Amino acid sequence: MTVTEETAPASHYDRIGGASSVKAAVELFYDKVLVDPELAGYFSDVDMVGQRRHLTLMLTTVLGGPNEYTGRGLAEAHQPLNIPVEHYAKVGEHLTVTLTELGVPADILADVRTVLGQVQDQVVARENRAGA
């Protein structure tokens, strides 16, 4: 590489180690969620192999990796579950704790928190939203 060549900054996905790191994060995340008595019931009839695959693809996209997610949209997948904001917050907490435990840098954690805030209304049941 010469001095005049520009290199694109590494994506969050690349910075945390790519596919293997995202997969490890999803595994650890669901290990936490599935033992949480307030959250485990949401997954009692869910194909967890498929669920883990979907979240891996979605998290990959959020972190700037290749966008190969072709599943349902967040609202379509979550609105029928009638999720209260408290449960959404617990899921977000499990995700950020997981990423912290895996050594994800603070700036990436902040961006993940931002995305969680941006998509909350797609996941939380309409009647459970603030101001609804």
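This is a predicted model, so every value here is computed, not measured.

K.L.:
With reference to specific residues and values, describe the packing of helix α2 (residues 19-33) against helix α5 (residues 85-101).
P.N.:
When two helices pack together, their arrangement is given by the angle between their axes and by how far apart the axes lie. α5 packs onto α2 with a crossing angle of 135 degrees between their chain directions and a minimal axis gap of 9 Å. Judged by the inter-axis angle, α2 sits oblique to α5. Regarding α2 and α5, the two cross each other, and that crossing is right-handed. Facing α2, whose interface residues are Ala25, Leu28, Phe29, Lys32 and Val33, α5 presents Val91, His94, Leu95, Val97, Thr98, Leu99 and Glu101.

K.L.:
Before we move on, can you summarise the pattern of salt bridges with the specific residues and values?
P.N.:
Throughout the structure, instances matching the rule amount to five salt bridges. Arginine 52 is the salt-bridge partner of glutamate 27, the closest N and O atoms lying 2.9 Å from each other. Taken together, the residues span a long stretch of sequence, with glutamate 27 in helix α2 and arginine 52 in helix α3 (residues 48-62) at a distance of 25 residues. Classification of arginine 52 by relative accessible area gives buried; the value is 17%. Residues lysine 90 and glutamate 38 are paired through a salt bridge, measuring 3.4 Å at the closest nitrogen-oxygen approach. Residue lysine 90 is located in helix α5, and its partner glutamate 38 is located in the loop between α2 and α3; the two are separated by 52 residues in the primary sequence. For glutamate 38, a relative accessible area of 42% gives the class partly exposed. Within this structure, Asp36, Glu38 and Lys90 form a network of salt bridges that share partners.

K.L.:
Go over the packing of aromatic side chains, please, and point to the residues and values.
P.N.:
A full pass over the atoms with the stated rule returns two aromatic pairs. Plain terms: the ring middles of phenylalanine 29 and tyrosine 30 are 4.9 Å apart, the flat faces sit at 65 degrees to each other, and that makes the pair edge-to-face. Like tyrosine 30, phenylalanine 29 is buried. Ring geometry for tyrosine 30 against phenylalanine 43: centres 5.6 Å apart, planes inclined by 75 degrees, an arrangement best described as edge-to-face. With tyrosine 30 in helix α2 and phenylalanine 43 in the loop between α2 and α3, this residue pair connects regions lying 13 residues apart in the sequence. Comparing tyrosine 30 with phenylalanine 43, the two get one shared label, buried. Three or more aromatic residues link up through ring pairs in this structure, and these residues are Phe29, Tyr30 and Phe43.

Thresholds applied
Residues numbered from 1 in each chain as written. Predicted model: local features only at pLDDT ≥ 70, side-chain atom pairs only at ≥ 80, totals over all residues. Heavy atoms only, no water. Axes fitted to C-alpha atoms, helices over the stretch in contact; angles between N-to-C directions. Helix = DSSP H or I, 4+ residues; strand = E, 2+ residues; numbered from the N terminus. Parallel < 35°, antiparallel > 145°, perpendicular 65-115°, else oblique. Left-handed = near helix turned anticlockwise from the far one by under 90°. Contact = heavy atoms within 4.5 Å. Salt bridge = Lys/Arg side-chain N within 4 Å of Asp/Glu carboxyl O. Buried < 20%, exposed > 50% of the residue type's maximum accessible area, 1.4 Å probe, protein only. Phe/Tyr/Trp six-rings, centres within 6.5 Å; stacked < 30°, edge-to-face > 60°.

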